[in-house]
Every structure is written in structure tokens, then in C-alpha cells.
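Examination of the molecular architecture
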Amino acid sequence: MNSEYKTPGSFFLIVLVILTLFSIKSFGFNLTDDFKEGFFWQNLPINLSVVDDQSFEVERISNLEWALEQAIAQWSLEAPQLEFWRADASVAPNTTGVNIVKWDRDFALSTGLQGNQYLAVTVRRAVIPFIAQVEILMNAYYVNLPKNDLVKILIHELGHTIGLDHSEDPSSIMSAAIRLGPYSNQSIQTDDMAGLSYIHTEMGSRQAGTSSDPAYWELRKTQEQNSSTALPSCGTIEDINKHGGGGSGSFLISFVFGLLLAFCFGKNFHLGLIKIID
Ligand SMILES: [Zn+2]
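We now turn to the structure provided with this report. Here the structure is a predicted model, which means the values were calculated and not measured.

Considering the packing of helix H4 (residues 58-78) against helix H6 (residues 147-162)
In the contact formed by H4 and H6, the axes pass within 8 Å of each other and the chain directions differ by 55°. Put simply, H4 runs oblique to H6. In the crossing of H4 with H6, the sense of the turn from one axis to the other is right-handed. Seen from H4, the contacting residues are Asn-63, Leu-64, Trp-66, Ala-67, Leu-68, Gln-70, Ala-71, Ile-72, Gln-74 and Trp-75; seen from H6, they are Lys-147, Leu-150, Val-151, Leu-154, Ile-155 and Leu-158. Of the residues that constitute the contact of H4 with H6, the class distribution is 12 nonpolar, three polar and one charged.

Here we look at the pairing of strand S5 (residues 120-127)
For S5, a buried count of seven out of eight residues is recorded, marking the element as mostly surrounded by other parts of the structure. As judged from the eight bridges shared by S5 and strand S6 (residues 130-139), these two strands associate in the antiparallel manner. Bridge assignment links Arg-125 to a residue of S6, and that residue is Gln-133. In this structure, the hairpin formed by S5 and S6 is closed by a connection of two residues.

Details of H6
Along its 16 residues, H6 runs 23 Å from first to last C-alpha, staying within 8% of the 22 Å computed at 1.5 Å per residue. Where H6 terminates, the next one or two residues include Gly-163, which has phi positive at roughly 115°.

Points about H4
Between its first and last C-alpha atoms H4 spans 31 Å; for 21 residues at 1.5 Å apiece the expected length is 30 Å, and the two agree. Listing the buried residues of H4 in full gives Ile-61, Asn-63, Leu-64, Ala-67, Leu-68, Ala-71, Ile-72 and Trp-75. Looking straight down H4, one finds that the buried residues subtend no more than 165° of arc, so they occupy a single side. Counted as exposed and oriented over 90 degrees from the buried face of H4: Val-58, Glu-59 and Leu-77.

Observations regarding unusual backbone geometry
A cis amide bond, omega 0°, links Leu-44 with the succeeding residue Pro-45. With respect to the helices and strands, the residue Pro-45 is situated in the loop between helix H3 (33-36) and strand S2 (46-50). In this chain, Ile-128 is followed by Pro-129 through a cis amide linkage whose omega measures 0°. Positive phi values are uncommon outside glycine, yet Asn-94 reaches one of about 70°. Topologically, Asn-94 is positioned in the loop between strand S3 (85-87) and strand S4 (99-104). Given 7 C-beta atoms within a 10 Å radius, Asn-94 is considered exposed.

Side note on the nonpolar core
Core analysis: the biggest nonpolar cluster contains 52 residues, and Leu-64, Leu-68, Ala-71, Val-101, Leu-154 and Ile-155 have the highest contact counts within it. Once residues lying within four places of it in the same chain are set aside, the contact partners of Leu-154 are Ala-67, Leu-68 and Ala-71.

Looking at the pairing of S2
Bridge count between S2 and S3: three bridges; the pairing is parallel. Each residue of the ladder has a partner; that of Ile-46, found in S3, is Trp-85. Chirality of the crossover, the property in question, places the unit of S2, H4 and S3 among those that are right-handed. Bridge count for S2 against S4 is three bridges, and the pairing is parallel. Each residue of the ladder has a partner; that of Val-50, found in S4, is Val-101.

Reading the values: rules and limits
- Residues numbered from 1 in each chain as written.
- Predicted model: local features only at pLDDT ≥ 70, side-chain atom pairs only at ≥ 80, totals over all residues.
- Axes fitted to C-alpha atoms, helices over the stretch in contact; angles between N-to-C directions.
- Helix = DSSP H or I, 4+ residues; strand = E, 2+ residues; numbered from the N terminus.
- Parallel < 35°, antiparallel > 145°, perpendicular 65-115°, else oblique.
- Left-handed = near helix turned anticlockwise from the far one by under 90°.
- Contact = placed C-beta atoms within 7 Å.
- Nonpolar A, V, L, I, M, F, W, Y, C, P; charged D, E, K, R; others polar.
- Buried ≥ 20, exposed ≤ 12 C-beta atoms within 10 Å, placed from the backbone.
- Pairing = 2+ DSSP bridges.
- Expected span 1.5 Å × (residues − 1).
- Arc of directions from axis to C-beta.
- Core = buried A, V, L, I, M, F, W, Y, C linked by C-beta atoms within 7 Å.
- Right-handed = clockwise from strand over helix to strand, strands pointing away.

Structure follows, in C-alpha cells:
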């Protein structure tokens, strides 16, 4: 234990190479289950529109619009060459087929999350093998948060839209808990950028059909098997999640039914809760 020796520089080089090769392990970032299963965005950027719900004060909506632009800008500042998101013009409530960011008064109902410790949830919907649409639901209980806090929340939720899950690094913006307030300096970290960069590269190979990820090819097979299935009127899987809290029997039924729906229509994922610590 007390022997002293000089570690050759090449040793560090080898360690560095190994860490680089296994960068997923060396960082705290994580990928969402759907991304791990092979799902990906077919086209970038992801255009996002704030829902202009006139039942809120004008300022609450304009703060959200401002925060969305800032959040996109902050990711872009770190990686100017990667254009993942773009802020589009606002849309009226109940506009379908677009990616939205909205204040949600029925947050508990929409997400199944009781209590007000959750700030926001990102819902990703997919049509095999693509992530096809996202909704960022902002808990309206926090509608009066300062603009800068909204920016932090949205940076985090944007990460979820592309397949970043919660990081194990507590300083990361993708950490499950976000520190709010003027003294919080939580921001995009190296760990977050490593995650973004990993997704960018892997998404590129999936788009090009050159991915070496076996999950991606499994998913493509599933897509081919289901290519003749009619898509519309499959209902939604959200209701199952909402009411799926029964016993194991009902869970199984929900699960099987959910699988059927998943094959029929696509999949619905809602993950990405963030809590407040202070
Ligand atoms: Zn989250």
C-alpha cells in the first residue's frame, strides 16, 4: 500500500481512451427508455410552440415564450453546431400535431402526479420508430415563478424531448432536482453536453440507418411487422397510465392493452419529472 512509483503518462492516456470509449459510464447522464429502445427524431430541429392560453395573464404566456427562446439559446451557446430546437409562433389551445409548451392547470390530472413538488413533465409520443411529438407540461401552480427559473426548467425539459433522462450528477441541469431562485447557479454542465453529443451522434446514425445499436434494429423489425396496421382511432395510452394504479390483474391488463396500443398507434412516454429542492 505504501509503495511509491511513478505512473507513466501513457497510463493516463490509456485510462482516458477507455473513459472516452465508455463515455456513457464515465458520465452521469442517462438516456430515456424510449431512446434506449431505438426511438429517435426523424428530423431536426424540433419546432416548439407555446400555447397561448388566454385564461392566463398575458405576461405569464410571454414569460414562457421568452424562457423557451432563452433555454434554446443556452443549449445552442454550448453547442452552436447542433440545432436541436427552434421556437415557433405560439398556437391556440387544442392545436394538434405540433410540439407544445404549455401552462397546465390540470397538471395532476394530466400527469398522474399528485402534489405540487413537480415543476414540469415532458410527454413524448412516438410512432415506431420515431419520436413524433412532444408536449412540455408546466405545472401552473408555479405560474408566477421568475423568468430565469422558467429558463432552467425549460433547459431541463428540452433535454427530455430528445432522449436525455435524469443525470446522476447533481450539478447537471438534467439532475432530477432543480434548484430555483436567484442564488442557484445550476446550468448546463459537461455531463449534459456529453449526453447531448452522444444523442446527436447516435441519432445521426439511426437517421442514416447505420446505427450499431441492436435495439434500433429490433425496433425497425417491429416497424416492418406492423407496417400494414391502420393507425388512427387507437385511443390513447395516457388513460391507462392515469387509471392503471389497480391491482396486479388490472396492471397486467393495462400492460397488455398498452402493448397492443403501442403496436397499433405508437407509444406514449411520459417521464421527466423535476422536483424543487428549495
Ligand atoms: Zn426531468
